[in-house]
Amino acid sequence: AYTMRVMARHGWAPADAKYEDVRALFMRRLPRCAGLYNDFHAQFVEVGKRFCRPEPRCRLCPLRRLLPAGGPRRTDRRRQGGVENRVRNHPRDA
């Protein structure tokens, strides 16, 4: 849940993306190294627990500068309406 919330609020994945889609994205993009993958995941969990909580603490978040213009995106799935179930590529990947 933490990873999904961080990804959705930063606009890197739609709020209704499936966990498996996001996991597959990381597996494709990261070198095949279990230690690196575990550390990467742990970092997302830590950001989610400390800053990207149900009530976000963006002002203190180390990923704040990566938020989309206008601030974090909504993660309430009921309000998203019609969002595709696929992971967006980060703009830096273009």
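Quick look at the structure, then.

Analysis parameters
Residues numbered from 1 in each chain as written. Predicted model: local features only at pLDDT ≥ 70, side-chain atom pairs only at ≥ 80, totals over all residues. Heavy atoms only, no water. Helix = DSSP H or I, 4+ residues; strand = E, 2+ residues; numbered from the N terminus. Buried < 20%, exposed > 50% of the residue type's maximum accessible area, 1.4 Å probe, protein only. Expected span 1.5 Å × (residues − 1). Arc of directions from axis to C-beta. Contact = heavy atoms within 4.5 Å. Phe/Tyr/Trp six-rings, centres within 6.5 Å; stacked < 30°, edge-to-face > 60°.

Focus on the environment of Glu 20
(1) Moving on: Counting through the fold element by element, Glu 20 comes out in helix α2 (residues 19-29).
(2) Moving on: Note on Glu 20: relative accessible area 42%, which makes it partly exposed.

Here's the deal with helix α3 (residues 34-50)
In an α-helix, one turn spans 3.6 residues; hence positions three or four apart end up facing the same way.
(1) Moving on: Taking 1.5 Å of rise per residue, 17 residues should cover 24 Å, and α3 covers 24 Å from first to last C-alpha, within 8% of that figure.
(2) Moving on: Turning to α3, its buried residues number three or more, namely Tyr 37, Phe 44, Val 47 and Gly 48. Here the buried residues of α3 occupy an arc of 105° about the axis, which is enough to place them on one side.
(3) Moving on: In the core, the buried residues of α3 are packed alongside α1 (2-9) and α2.

Describing the packing of aromatic side chains
(1) Moving on: Tallied over the full model, the rule gives three aromatic pairs.
(2) Moving on: Measuring from ring centre to ring centre gives 5.0 Å for Phe 26 and Phe 40, while their planes differ by 75°; the resulting arrangement is edge-to-face. You can see Phe 26 sitting in helix α2 and its partner Phe 40 sitting in helix α3, a full 14 residues away along the chain.
(3) Moving on: You can call Phe 26 buried: its relative accessible area is 11%.
(4) Moving on: Each member of the aromatic cluster is reached from another via a ring pair, and the members are Phe 26, Phe 40 and Phe 44.

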